[in-house]
Amino acid sequence: MLQVALAQVKTHARRFIAIGLAVMLAVGFLVATLLVSSSTQATLKASVGQSFNKADVVISTLNVSKPLDQGAYDAVKKVPGVKGSYSLLQAPVKVKAGDVTFNAMLQNLAEDLSLQSQALASGSFPSAPNQVALDQKTADHQKLAIGGKVTLSNEAGQQQQATITGLLQPSNDPKASAAAQLLASTQTVTPLATVPLSYGTIQLKLDKPLDENSRASLTQALEAAGYDQLKVLTPDEQTTDIMKRMTGDTDVLTYVLLAFAAIALIVAALVVANTFAVLVAQRTRELALLRCLGANRRQIRNSVLLEALVVGALSSLIGLALAFGGMAALVGALSSIPDYRFATFSGNWQTGLIGLLVGVLLTIAAALMPARAATAVAPLAAMRPAEDASLSNRGGRTRLIIGGAFIVIGALALIGGALMSNLLIAVPGGALSFIGLLLCANLFIPRLVSGVGKIVAPRGVPGKLAALNAVRNPGRTTTTAAALLIGVTLVSMMLTGAATSRTAFDSSLEQHYPVDVLVEDGKYSSQQLAEVKNLEGVAFSASVPQVGVLSGEYSGQLVYGISTSDAAQLLDTEQNRVQDGQLLMPKGTVEKSLPVSAKGSATKELPISQATVNYLPAMVSLSTFPAPAGVEQQVWIKLKPNQDTSQLVELQKKIASVLGVEDYQVQGGALVKASYNQVIDILLLVVTGLLAIAVLIALIGVANTLSLSVLERTRENALLRALGLTRGALRGMLALEAMLIAGVAALIGIVLGSLYGWLGAQAALGGLGEAVTPSFPWLQLLVVLLIAAAAGLLASIIPARRAARLSPVEGLATD
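Residues numbered from 1 in each chain as written. Predicted model: local features only at pLDDT ≥ 70, side-chain atom pairs only at ≥ 80, totals over all residues. Heavy atoms only, no water.

1. Overview of the overall build of the protein chain
Formally: By definition, any uninterrupted DSSP run of H or I lasting at least four residues is a helix, any uninterrupted run of E lasting at least two residues is a strand, and each is numbered from the N terminus. Type-normalised accessible area, obtained with a 1.4 Å probe on protein chains alone, sets the label of each residue: buried when under 20%, exposed when over 50%, and partly exposed for intermediate values. Note on contacts: a residue pair qualifies if any of its non-hydrogen atoms lie within 4.5 Å across the two residues.
Of the regular secondary structure elements, the protein chain holds 26 helices and 20 strands. In the protein chain, which comprises 815 residues, the share counted as buried stands at 48%. Summarising the internal contacts of the protein chain: among those between residues at least 6 apart in sequence, 80% fall at separations of at least 24.

2. Thoughts on the nonpolar core
Burial of nonpolar side chains together is a common tendency in soluble globular proteins. For the record, the criterion: By nonpolar core is meant a set of buried Ala, Val, Leu, Ile, Met, Phe, Trp, Tyr and Cys residues that side-chain atoms within 4.5 Å join together.
Of all hydrophobic cores here, the largest spans 42 residues; its most connected members are Ile59, Leu182, Leu204 and Leu218. The element contributing the most residues to this core is strand E3 (residues 90-97), with four residues. What Leu218 contacts, discounting residues up to four positions off in sequence, is Val57, Val76, Val79, Val82, Leu204, Leu210 and Val232. Ile445, Val449, Ile486 and Val491 belong to the second-largest nonpolar core, a separate cluster that totals 33 residues.

3. So, a nonpolar patch on the surface
Formally: Patch membership requires more than 30% relative accessible area and the absence of a salt bridge. Residues of like charge join within 9 Å; the nonpolar side chains Val, Leu, Ile, Met, Phe, Trp and Tyr join within 5 Å. Methods summary: accessible areas were calculated by the Shrake-Rupley approach with a probe of 1.4 Å, and residue burial reflects only the protein chains presented. Basic side-chain nitrogens of Lys or Arg form a salt bridge, by our definition, when they fall within 4 Å of a carboxyl oxygen of Asp or Glu.
Taken together, Leu779, Leu782, Val783, Leu786 and Ile787 make up a surface patch of nonpolar side chains, about 490 Å² in accessible area. With respect to the helices and strands, the residue Leu779 is situated in helix H24 (residues 778-795).

4. Here we look at the sheet that holds strand E2 (residues 82-87)
Heads up, the condition is: If DSSP finds at least two bridges between two strands, the strands pair. Throughout, an axis means a line fitted to C-alpha atoms (over the contacting stretch in the case of helices), and angles, computed between N-to-C directions, take values from 0 to 180 degrees.
Here four strands make up an open sheet; going across it, the order is E2-E10-E1-E11 and the pairing antiparallel. Taken across any chain shown, the strands that pair with only one partner, and hence form the sheet edges, are E2 and strand E11 (230-233). Strand-to-strand, the axes of this sheet are offset by a mean angle of 20°, without reference to chain direction. Sheet analysis places strand E1 (residues 57-61) next to E11, joined by four bridges and oriented antiparallel. Within E11, the residue paired with Ile59 across the bridge is Val232. Running at roughly 165° to E2, helix H3 (residues 70-77) makes contact with E1, E2, strand E10 (202-206) and E11 of the sheet. Helix-sheet contacts for helix H7 (residues 212-224) involve E1, E2, E10 and E11, and the interaxial angle to E11 is about 160°.

5. Focus on the confidence of the model for the protein chain
It should be kept in mind that the predicted coordinates are not to be read in detail where pLDDT is low. Operational definition: In predicted models, pLDDT denotes the confidence assigned by the predictor to each residue on a 0 to 100 scale.
A residue-level look at the protein chain finds 77% of positions with pLDDT of 70 or above and a mean pLDDT of 78. Long-range and interchain partners of residues 380-389, a stretch whose pLDDT sits below 50, account for 15 contacts in this model, where long-range means more than four residues apart.

6. Topic: unusual backbone geometry
The residue Lys143 is not glycine, and still its phi comes out positive at about 60°. With respect to the helices and strands, Lys143 occurs in the loop between helix H4 (136-142) and strand E7 (149-153). The phi torsion at Ser421 lies on the positive side, around 55°, for a residue other than glycine. Its place among the elements puts Ser421 in the loop between helix H13 (394-419) and helix H14 (423-439).

7. Here we look at the packing of aromatic side chains
Heads up, the condition is: When two rings of Phe, Tyr or Trp (its six-membered ring) have centres within 6.5 Å they constitute a pair, described as stacked for plane angles under 30 degrees, edge-to-face for angles over 60, and tilted for the intermediate range. Only when the NZ atom of a Lys or the CZ atom of an Arg is both within 6 Å of the ring centre and within 35 degrees of the ring normal do we say a charge sits over the ring.
Per the counting criterion, the structure on display carries three aromatic pairs. Summarising the aromatic geometry, the rings of Tyr73 and Tyr199 are spaced 6.1 Å apart at their centres and angled 70° between planes, so their arrangement reads as edge-to-face. Within this pair, whereas Tyr73 is found in helix H3, its partner Tyr199 is found in the loop between helix H6 (186-189) and E10, the two being separated by 126 residues in sequence. When the ring of Phe434 is compared with that of Tyr756, the centres are 6.2 Å apart and the planes differ by 80°; the resulting orientation is edge-to-face. One end of the pair, Phe434, is in helix H14; the other, Tyr756, is in helix H23 (residues 727-765), and 322 residues separate them in sequence. A residue is classified by how much of its surface remains accessible, and Phe434, at 14% relative accessible area, is buried. Overall, Tyr756 belongs to the buried group, its relative accessible area being 10%. Above the face of the Phe625 ring, Lys604 is positioned so that its terminal group lies 5.2 Å from the ring centre.

Structure, rendered in structure tokens:
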């Protein structure tokens with residue numbers, strides 16, 4: 001049977017192309033995900049872990065009440081096997097060089113230079129007290145050079161004079177690269193460091209790699225010296241520990257990518273199973289003949305599984321090569337950019353082995369059911385068609401019961417999780433309901449395809465034939481549509497979730513920020529205010545001065561004044577505009593009136609009107625309380641619409657520059673909203689790109705189904721040609737058939753995805769305070785539907801071309 005299987009793969013290689021492509025893409029995606037994880041770890045070691053990446057052992061503390069000090073350093077230096085040590089000491093200092101003053105982080109030089117992580121760009125490391133090395137970036141910015149003199153001082157006023165002996169290459173560590181870096185001897189750093197001295201890490205060089213015995217020896221030495229809360233880690237472990245603390249103890253990126261890889265694998269499994277099922281059905285006579293010649297069921301089954309093994313192994317190897325080559329090229333290109341020179345590619349044989357095993361096992365597992373079907377038909381009953389799952393047979397009823405239970409339980413959990421704003425309940429519920437729908441798909445997808453097929457039936461004979469052919473084999477049609485359904489559902493879910501999240505964030509931000517841009521309190525001249533008003537991108541601006549304070553329960557709270565005309569220009573909601581003789585207070589204020597005191601005016605008891613937002617300051621009209629001279633004021637700004645994030649950031653800098661404030665003092669809903677939308681857009685782009693792999697695999701399945709269907713119907717198509725059907729009409733029939741399957745799958749996926757996206761957003765963002773209003777991006781969803789239908793059309797081109805190219809005589813002669 002080995003020879004039979006290999007002959008099948010060789011003779012009918014064209015039939016296995018779709019299987020190979022699906023497995024290749026899925027394995028490539030999985031391996032690329034694993035390579036992203038390992039390369040990320042290597043890159044983090046070169047950046048976040050740069051300060052200790054030359055060590056064999058890194059010792060850090062969990063207990064701030066017992067920091068790393070000289071006692072811990074002395075304890076580990078004496079442990080057998082330690083051949084080099086470095087205690088990292090840092091001190092924040094102010095550097096003065098002539099008229100230039102800047103802040104920097106001063107660090108001690110390792111006595112053992114093999115443990116020194118920072119590299120020289122020019123000059124030499126400090127070799128004596130009162131010598132320092134400065135990073136090249138700061139030296140260029142501050143116009144300093146080797147031989148220059150600097151004065152270092154700490155917060156306590158202690159000073160050290162030093163000479164620059166070398167320039168350091170810029171640090172890859174994001175925590176260090178943001179500040180100026182200085183390197184000096186321990187004797188220079190110690191007087192400027194915080195007392196009592198505390199080391200950031202203790203780094204060791206061992207005579208062999210860290211193992212459990214040496215880890216235990218170091219731990220015991222530390223415990224004997226009274227340090228029982230210290231970690232003894234390798235640099236890789238220390239990097240992972242740092243990143244876990246930064247990401248809440250989870251490797252979020254890898255988990256997300258693995259989730260998408262799993263989706264691609266599931267879709268690929270559906271395509272492989274569908275393809276093998278069709279291949280087995282096509283070879284029913286051949287397999288029956290082998291049975292008549294003496295082959296037993298086990299040999300037939302093993303023959304099909306062997307075909308899966310060969311195709312799976314070859315496809316997985318190609319997927320491995322593409323993943324390794326693509327990731328290496330991508331990281332290489334990234335590392336050529338100066339700001340990302342620390343990007344590091346990391347791959348190992350375990351990753352390749354995992355990808356190969358997963359690809360082979362996936363292909364074999366997907367072929368198990370078709371292989372079993374190949375042995376289920378008796379030789380003399382080989383021509384009898386297999387029975388599809390339906391309500392009229394046991395398999396269909398069982399599938400309906402299980403799927404229906406999953407749908408009901410999952411839907412209840414999804415709705416309950418959305419109402420309770422609990423993703424831990426909503427996500428499993430949504431997944432369970434979707435699995436239930438897939439189990440029941442065979443009971444409704446063929447009917448939907450048939451119903452939609454009536455739309456194309458009026459297109460004459462090609463339209464009627466396309467509608468009939470699309471549901472001729474319900475099982476195959478369902479499996480093909482299900483593969484595309486998964487991808488489209490997830491894409492639609494992300495689009496709807498993103499749109500709904502935007503609406504929810506915008507609504508929440510409107511509660512926090514009453515105006516587009518607000519500049520914090522300060523004294524601004526009329527000239528500055530006029531310049532702000534004339535900036536490009538500013539529609540209107542006004543000063544909002546402090547006019548008084550509240551008395552009573554809100555004693556001391558500032559009250560701001562605004563003219564009624566300015567309020568009408570700046571605030572869109574009429575209820576948030578203050579009226580003469582009233583005190584405007586934030587939403588939720590229970591008092592009916594409050595006293596307001598102002599300089600030069602008597603205290604007045606004013607009736608309260610409530611705003612529609614929670615974060616509006618107490619306000620009166622300037623006609624009720626005039627602004628005293630020389631008081632601080634806020635600047636409220638209304639922006640022109642349709643400005644992108646880069647324009648808003650640039651405008652923020654211009655406003656800050658004109659008013660003489662820091663960028664962070666210029667805030668407001670427009671800026672925060674733009675930041676949120678930018679994050680959502682980036683995430684949506686990345687997620688949609690990842691899901692595109694699953695959609696592409698599913699479309700390969702559509703093309704494959706159509707190709708195999710054409711092979712099955714060679715004589716039928718030839719007969720149609722002989723009866724007068726033109727080549728163009730035959731191609732049109734096959735195109736309509738593919739578009740029917742793809743279009744129906746996309747339509748169902750869009751409906752399901754929109755529902756899941758809304759309920760998912762409600763579960764994730766319901767805690768913002770109010771029910772999340774669904775926002776359906778109809779135009780984008782329509783584009784998804786059109787793309788799916790167009791992709792179905794494209795998938796039909798090669799099979800249709802092949803069918804139309806075959807002459808009627810050749811087709812009728814085919815057995």
